[in-house]
Amino acid sequence: MKRRDLIKRLALLPLAGNVFPLEPLLSTSAAGDNRSLYSQDDQMPELHRKALVMDGHTHVMTRELLFGTDIGQRYSDGTVDLPRAKEGGVDAMFFTVYTPEHYYPGRFETKNTFRVVNLALDQIEKNHSVIELALTASDIERITRKGKIAAFLDLEGPFDLDGDINLLRALYRLGLRSMQLTAHNTTNAFIDTCNDVRRWGGINELGKEIIAEMNRLGMVINIAHASNEAILQTAEASKHPVIYSHGGFYSIVPHPRCITDEAAKALASKGGVIGIHFGSLFNNPKYWEWQTDTKETTPASVQSAELETIEEVDQELMKEVPLNFTGTIPDPYWMHVDQLAKVIDYGVNLVGEDHIAIGSDLDGGPELPREIKDISDFPQITLAMQRLGYSEQRIKKILGLNWLRVIREVTGG
């Protein structure tokens, strides 16, 4: 037996029965312990164990940067660490480093980005027995064959608000192979976001230059958080497939962060992939309606008051870490994993099974489905797709092969 298969076989899947009711069984907070809902005796599905499982958007390094912790150690909170990733049968991930809006007013975005990329490399090296850096699809296959997790370095937030291509090239030399074009929720000097002021009508000429340079370098272009016009224009401008790493569908939940059918089809027509986010806000119409009734739902650019040093910004951000939803969701509005599977199914019917994948946004704030408390519960997605009657090959594509295919096409390896 391969080492990778042995590791997956050892992980237990917490699941009670084969079918979950459509309504929650009891009232509890999303931050509470779900384990009472599950049987500890059910093992990970054989399909999940054998499949290449890859998450297209997993937040890392914010906690490690601010608190000096080690992702190789199990945390008592949050949703991602390497021990739990192993238990969830996760073989590879877009190892997403994050530079949030807190760093923008003082123009600390570039400094923070290089800090977190360097720290990611340090943490991968420190935990070399468990995880390795992957630069290509062939690297991912080589690393996972050894039973290790493959880390495909990805940036959310700006490498530079001005779009200096020299800084982009420097990050590529450090191992960055995927990047979100937008400055998280903030429109930057070359592309509009979906929920900030529209300055460019999508992308401008600098945006096209950056897209061309990423194509030349062999970097995955991530269009999550962009405006509808920007997504369409990026798909048209790029000679390589473009990804939408984490989100839902606007036809299911009309949140500005969700992708329109038009944009999804445009990405798919160029070979791109859409990663399905794990959050209720993007996937559960009941939850969306409840939020719409109780609060403002259109997010604005969240920027801290200007602080004089990056250390002061760090202190402010520390108050929010771990970056996870901690509120209470009443029974009628709490999403089950089967609703998440229905969103996956919507995408499959819309653009085909070759263009849908998983982009959880774990440790990035989603209101998780009831059956998923952290990354160790990834097998729940496989079980939910099996309940839909999906074929083994379709499930394998969605779990990881679609990401692998795009990475191979973009990086050339």
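Residues numbered from 1 in each chain as written. Predicted model: local features only at pLDDT ≥ 70, side-chain atom pairs only at ≥ 80, totals over all residues. Heavy atoms only, no water.

## What to know about the overall build of the chain
Note the cut-off: Every helix listed is a DSSP run of H or I at least four residues long, and every strand listed is a run of E at least two residues long, numbered separately from the N terminus. Buried, partly exposed and exposed residues are distinguished by accessible area as a fraction of the type maximum, computed with a 1.4 Å probe on protein chains only: under 20%, between the cut-offs, and over 50%, respectively. Only the protein chains shown count as covering a residue, and every accessible area follows the Shrake-Rupley method with a 1.4 Å probe.
For the chain, the count of helices and strands is 16 helices and nine strands. Expressed as a percentage of the 413 residues in the chain, the buried residues total 60%. Here the chain has roughly 15,200 Å² of accessible surface; of this, 50% comes from carbon and sulfur atoms.

## What to know about the pairing of strand S7 (residues 242-247)
Looking along a regular strand, one sees the side chains alternate between the two faces of the sheet. Going by this rule: At least two DSSP bridges between two strands are needed for those strands to be called paired.
Judged by how many residues are buried, S7 sits mostly within the fold: six of six residues are covered. Both strand S6 (residues 220-222) and S7 contribute to a ladder of two bridges, which runs parallel. Paired with Ile221 across the bridge in S7 is Val242. Sheet analysis places S7 next to strand S8 (residues 273-276), joined by three bridges and oriented parallel. Across the sheet, the residue bridging to Tyr244 is Ile274, located in S8.

## Brief notes about the confidence of the model for the chain
For clarity, the threshold we go by: One confidence number per residue, pLDDT, is output by the predictor and ranges from 0 to 100. The criterion used for residue contact is that any of the two residues' heavy atoms lie within 4.5 Å.
Counting all residues, the mean pLDDT for the chain is 89, and 87% of those residues have values of 70 or more. Overall, residues 296-302 carries pLDDT values under 50, and its contacts beyond four positions in sequence, including any with other chains, amount to 14 contacts.

## Side note on the packing of aromatic side chains
Worth spelling out the cut-off: Ring pairs are drawn from Phe, Tyr and Trp, using the six-membered ring of Trp, whenever the two centres fall within 6.5 Å, and their geometry is named by plane angle: stacked under 30 degrees, edge-to-face over 60, tilted for the rest.
Taken as a whole, this structure holds seven aromatic pairs when the rule is applied. For the pair Phe159 and Phe190, a centre-to-centre distance of 6.4 Å together with 40° between the ring planes defines the contact as tilted. On the criterion of sequence distance, the pair formed by Phe159 in the loop between strand S4 (149-156) and helix H7 (165-174) and Phe190 in the loop between strand S5 (178-180) and helix H8 (205-217) is long-range, its members being 31 residues apart. Across the pair, Phe190 and Phe159 agree in class, each one buried. Relative to Tyr333, the ring of Trp290 has its centre 5.0 Å away and its plane inclined at 5°; by these criteria the two rings are stacked. Pair noted here: Trp290 is in helix H12 (residues 285-294) and Tyr333 is in the loop between helix H13 (310-318) and helix H14 (337-351), with a separation of 43 residues, a long-range link.

## Thoughts on the state of the cysteines
Counted only if it meets this: By disulfide we mean two sulfur atoms from cysteines, separated by a distance within 2.5 Å.
Evaluation of the coordinates by the stated rule reveals zero disulfides. Among the cysteines around Cys194, which has no disulfide bond, Cys258 carries the closest sulfur, lying 8.8 Å off. Of the residues examined, Cys194 reaches a relative accessible area of 8% and is grouped as buried. Residue classification places Cys258 among the buried residues on the basis of a relative accessible area of 6%.

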